[in-house]
Amino acid sequence: IFPEGTCTNRSCLITFKSGAFIPGVPVQPVLLRYPNRLDTVTWTWQGLTVKQLFFLTLCQPYTNLEIEFLPPYIPNEEEKKKPFLYASGVRKKMATALGLPVTDHTFEDCRLMISAGELTLPMEAGLVEFTKISRKLNLKWDNIRKELDGFAAVACANKGGRIGIEEFAKNLKLPVSDVLKELFALFDRNGDGTIDFREYVIGLTVLCKPANTEETIQMAFKLFDSDEDGYITREEFGGLLRSS
C-alpha cells in the first residue's frame, strides 16, 4: 500500500491517507530509494515530457533501486483509536529514516493544483493543505473545487493569481471603504494585502457559518449602508442582492 496516494518528487513526504491504518494493527514500513545520477522515475507531470523521460531512461544501462525494510511499527492505544494520528506517526518514522521533511499537503491538493492550472491560475494556488482545513472546517472536496472556480473568476484579473482590495470591491459591486477594508482583512489572514485561495476558502467558511452576533450584523449593515445615514434604502438593498 502506498499511503500517500499519489506520486511526489521525493523532496518530502506528504500526508498519508488513513485507510490502511484504520484496523489499528502493526504495519511494516518499506522505503524505496532511486540513487541514480538522472532521476527519470519520480516524475510528477511537470518539467520533462513523457517522451523525453522515456528517451533518457533508455540512455541509462540500468536503473538503481534500493529497498529498506524498517522495523514493524506497533501503534499505541491512542493511535489505534485515531487512524490519522497512527498514519502521522508512521510517516514521521519513515521521513526520519529517509532524511526528508514532511508536509500536510495531500493528494487532493495535487488535484486542486492541476485544476488551478486549467483555470490559468498559478498551480501553487491549489495548495491549501486540504486534509488539515477539511478536518478543521468540515469541508468536502466538491465544495473546495467549486470555490476554486469562484476564486478564479475574481483572481484571474490579477496576474499574480491573488485577490487585491480592488478586485474584492469590484466583485462585491461596492466602493472601497473602511468597512470593506475591515471585511477584506478578515480574509487576508497574513496581512500582505492580497487574498490567496487558502485564505479565500477559510474566510468564506467562517463568514458563512451561522453566527448572527451583533458585531456580524453591524458590519453587514455598515457594508451596504453606503451613505452612512443609518438606513438601507431600496437602491442600497438592490446592490446587496446583486452582489450576493
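Here we summarise the structure given alongside this text.

Reading the values: the criteria
- Residues numbered from 1 in each chain as written.
- Predicted model: local features only at pLDDT ≥ 70, side-chain atom pairs only at ≥ 80, totals over all residues.
- Heavy atoms only, no water.
- Helix = DSSP H or I, 4+ residues; strand = E, 2+ residues; numbered from the N terminus.
- Buried < 20%, exposed > 50% of the residue type's maximum accessible area, 1.4 Å probe, protein only.
- Contact = heavy atoms within 4.5 Å.
- Salt bridge = Lys/Arg side-chain N within 4 Å of Asp/Glu carboxyl O.
- Expected span 1.5 Å × (residues − 1).
- Phe/Tyr/Trp six-rings, centres within 6.5 Å; stacked < 30°, edge-to-face > 60°.
- Axes fitted to C-alpha atoms, helices over the stretch in contact; angles between N-to-C directions.
- Parallel < 35°, antiparallel > 145°, perpendicular 65-115°, else oblique.
- Left-handed = near helix turned anticlockwise from the far one by under 90°.
- Nonpolar A, V, L, I, M, F, W, Y, C, P; charged D, E, K, R; others polar.
- Patch = residues over 30% accessible without salt bridge, like charges linked within 9 Å, V, L, I, M, F, W, Y side chains within 5 Å.
- Areas by Shrake-Rupley, 256 points an atom, 1.4 Å probe, with all protein chains shown as cover.

## A short note on the overall build of the protein
Okay, step 1: Regarding its fold elements, the protein presents 11 helices and two strands.
Okay, step 2: Mapped from its N terminus to its C terminus, the protein presents α and β elements in the order β-α-β-α-α-α-α-α-α-α-α-α-α.
Okay, step 3: A total of 244 residues make up the protein; the buried ones form 38% of that total.
Okay, step 4: Within the protein, contacts between residues at least 6 apart in sequence are counted, and of these 60% link residues at least 24 apart.

## A short note on the pattern of salt bridges
Pairing is possible between side chains of opposite charge, provided their charged atoms come close.
Okay, step 1: If you walk through the whole model with that rule in mind, you get nine salt bridges.
Okay, step 2: Lys82 serves as the salt-bridge partner of Glu78, at 3.7 Å between the closest nitrogen and oxygen.
Okay, step 3: When its relative accessible area of 37% is taken as the criterion, Lys82 is described as partly exposed.
Okay, step 4: The salt bridge involving Arg162 is made with Asp196; its shortest N-O contact spans 3.9 Å. Of this pair, Arg162 sits in the loop between helix H6 (141-155) and helix H7 (165-172) while Asp196 is found in the loop between helix H8 (178-187) and helix H9 (197-208), placing the two residues 34 residues apart along the sequence.
Okay, step 5: Bridged by salt links that share partners, the residues Arg162, Asp192 and Asp196 form one connected network.

## Quick word on the side chain of Thr15
Okay, step 1: Examined against the element boundaries, Thr15 turns out to sit in the segment before strand S1 (30-33).
Okay, step 2: Excluding residues within four positions of it along the chain, Thr15 makes contact with Pro3, Glu4, Arg91, Thr103, Asp104, His105, Thr106 and Thr131.

## What about helix H3 (residues 83-98)?
Okay, step 1: Over its 16 residues, H3 runs 22 Å from end to end, which matches the ideal 22 Å to within 8%, given 1.5 Å per residue.
Okay, step 2: Listed in full, the buried residues belonging to H3 are Pro83, Tyr86, Ala87, Gly89, Val90, Arg91, Met94 and Ala95.
Okay, step 3: Elements in contact with the buried residues of H3: S1 and helix H2 (77-81).
Okay, step 4: One or two steps after H3, the chain reaches Gly99, where phi turns positive at roughly 70°.

## Observations regarding the packing of aromatic side chains
Okay, step 1: The tally for this structure, following the rule as stated, stands at six aromatic pairs.
Okay, step 2: Where Phe168 meets Phe184, the ring centres are 5.3 Å apart and the plane angle is 75°; that geometry is what we call edge-to-face. Taken as a pair, Phe168 in helix H7 and Phe184 in helix H8 lie far apart in primary sequence, 16 residues in all.
Okay, step 3: Take Phe168: its relative accessible area is 9%, and that puts it in the buried class.
Okay, step 4: Overall, the relative accessible area of 6% leaves Phe184 in the buried class.
Okay, step 5: Three or more aromatic residues joined by ring pairs form one cluster here, namely Phe21, Tyr73 and Tyr86.

## Looking at the packing of helix H4 (residues 107-118) against H6
A pair of packed helices can be characterised by two numbers: the angle between their axes and the separation between those axes.
Okay, step 1: It is at 11 Å that the axes of H4 and H6 come closest, and there the two elements cross at 25°. Classified by the interaxial angle, the pair formed by H4 and H6 is roughly parallel. As H4 packs across H6, the resulting crossing turns out to be right-handed. Taking contact as the criterion, the partners of Glu108, Arg111, Leu112, Ser115 and Ala116 in H4 are, on H6, Trp141, Ile144, Arg145 and Leu148.
Okay, step 2: Classifying every residue of the contact of H4 with H6 gives five nonpolar, one polar and three charged.

## Observations regarding unusual backbone geometry
Apart from glycine, the bulk of residues carry a negative phi angle, and the bulk of peptide bonds sit in the trans form.
Okay, step 1: One non-glycine residue, Arg10, lies in positive phi territory at about 70°.
Okay, step 2: Structurally, Arg10 can be placed in the segment before S1.

## Some thoughts on a nonpolar patch on the surface
Okay, step 1: A surface patch of nonpolar side chains, about 620 Å² in accessible area, is lined by Phe2, Val30, Leu32, Leu65, Ile67 and Phe69.
Okay, step 2: Those elements that provide at least two residues to the nonpolar patch are S1 and strand S2 (66-69).
Okay, step 3: Relative to the assigned elements, Val30 resides in strand S1.

## A word on the environment of Lys132
Okay, step 1: Secondary-structure assignment places Lys132 in helix H5 (residues 130-137).
Okay, step 2: When the C-alpha atoms of Lys132 and His105 are compared, they prove to be 8.2 Å apart, with 27 residues separating the residues in sequence.

## Overview of the environment of Pro35
Okay, step 1: With respect to the helices and strands, the residue Pro35 is situated in the loop between S1 and helix H1 (50-58).
Okay, step 2: Of the residues examined, Pro35 reaches a relative accessible area of 43% and is grouped as partly exposed.
Okay, step 3: With 28 residues separating them along the chain, Pro35 and Thr63 place their C-alpha atoms 8.5 Å apart.
Okay, step 4: Residues within four places of Pro35 in sequence aside, it is in contact with Asn64, Leu65 and Glu66.

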